[in-house]
Amino acid sequence: MEVKICLGEGLANVELFLYLVNILQRYQVRYDPSIKLSLEATFGVSRRPKHLPPLIFEKLNKF
Ligand code: HEM
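It should be emphasised that the depicted structure is a prediction, and the values quoted were computed from it without experimental measurement.

Trainee: How do you make sense of the overall build of the chain when you look at a structure like this?
Mentor: Each helix and strand counted, the chain has one helix and four strands in total. Each helix and strand of the chain, placed in order from N terminus to C terminus, yields the pattern α-β-β-β-β. Since a compact globule built from 63 residues should have a radius of gyration of about 11 Å, the 17 Å found for the chain marks it as more spread out than a globular shape. With respect to the principal axes defined by its C-alpha atoms, the chain has extents near 50 × 35 × 10 Å.

Set out below in structure tokens:
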């Protein structure tokens, strides 16, 4: 059987890493601890959390 792979996987991983790191360098990300976190998942193209807690983004003054 022919095995196919994504030629852009490395590039896609680097792009996602830079995107995430950029956000984490600029914002403090928190959630309201009074909200109960759920581990329930939903399936589509990928497995995703069913209920995402509202996240609080606080801009850091470094930049
Ligand atoms: C999140 C980003 C990406 C996802 C989820 C993704 C996913 C996939 C998937 C599922 C395939 C089919 C593999 C198979 O036939 O079994 C594929 C193929 C391919 N991808 Fe990506 N890809 C991404 C990003 C990229 C990027 C950035 C590039 C190029 C710069 C790229 C280039 C290609 C090419 C050329 C193929 C065809 C490979 C072949 O037919 O041998 N992909 N990709």
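Still more ground to cover, so stick around.
Trainee: Looking at this structure, how should I read the pairing of strand 4 (residues 55-59)?
Mentor: Every other side chain in a regular strand lies on the same face of the sheet, so the side chains alternate between the two faces. Along strand 4, only zero of the five residues are buried, which leaves the element largely exposed. Here strand 1 (residues 27-31) runs beside strand 4; their pairing, made up of five bridges, is antiparallel. Directly across from Tyr-31, in strand 4, lies its bridge partner Leu-55.

Trainee: Hey, could you run me through the site of the ligand in this one?
Mentor: With respect to spatial proximity, the complete set of residues near the ligand consists of Lys-4, Cys-6, Leu-7, Gly-8, Leu-11 and Ala-12. Counted by class, the shell around the ligand contains four nonpolar, one polar and one charged residues.

Trainee: What should I look at first to understand helix 1 (residues 9-26) in this one?
Mentor: Taking 1.5 Å of rise per residue, the 18 residues of helix 1 would be expected to cover 26 Å, and the 26 Å separating its terminal C-alpha atoms lies within 8% of that figure. The element helix 1 is barely covered by neighbouring structure, given that only zero of its 18 residues are classed as buried.

Trainee: Looking at this model, I keep getting lost on the environment of Lys-59. Mind explaining?
Mentor: The topology assignment puts Lys-59 in strand 4. Take Lys-59: there are 9 C-beta atoms within 10 Å of it, and that puts it in the exposed class. Once the C-alpha coordinates of Lys-59 and Leu-24 are considered, the two residues, 35 residues apart in sequence, prove to be 9.8 Å apart. Each residue touching Lys-59, except ones within four places of it in the same chain, is listed here: Arg-26 and Tyr-27.

Trainee: Hey, could you run me through the environment of Tyr-31 in this one?
Mentor: Assignment of secondary structure puts Tyr-31 in strand 1. Distance in space between the C-alpha atoms of Tyr-31 and Leu-20 is 17 Å, their sequence separation being eleven residues. Not counting chain neighbours up to four residues away, the residues in contact with Tyr-31 comprise Pro-53, Leu-55 and Ile-56.

Cut-offs used in this document
- Residues numbered from 1 in each chain as written.
- Predicted model: local features only at pLDDT ≥ 70, side-chain atom pairs only at ≥ 80, totals over all residues.
- Helix = DSSP H or I, 4+ residues; strand = E, 2+ residues; numbered from the N terminus.
- Rg over C-alpha atoms; globule rule 2.2 N^0.38 Å.
- Buried ≥ 20, exposed ≤ 12 C-beta atoms within 10 Å, placed from the backbone.
- Pairing = 2+ DSSP bridges.
- Near = placed C-beta within 6 Å.
- Nonpolar A, V, L, I, M, F, W, Y, C, P; charged D, E, K, R; others polar.
- Expected span 1.5 Å × (residues − 1).
- Contact = placed C-beta atoms within 7 Å.

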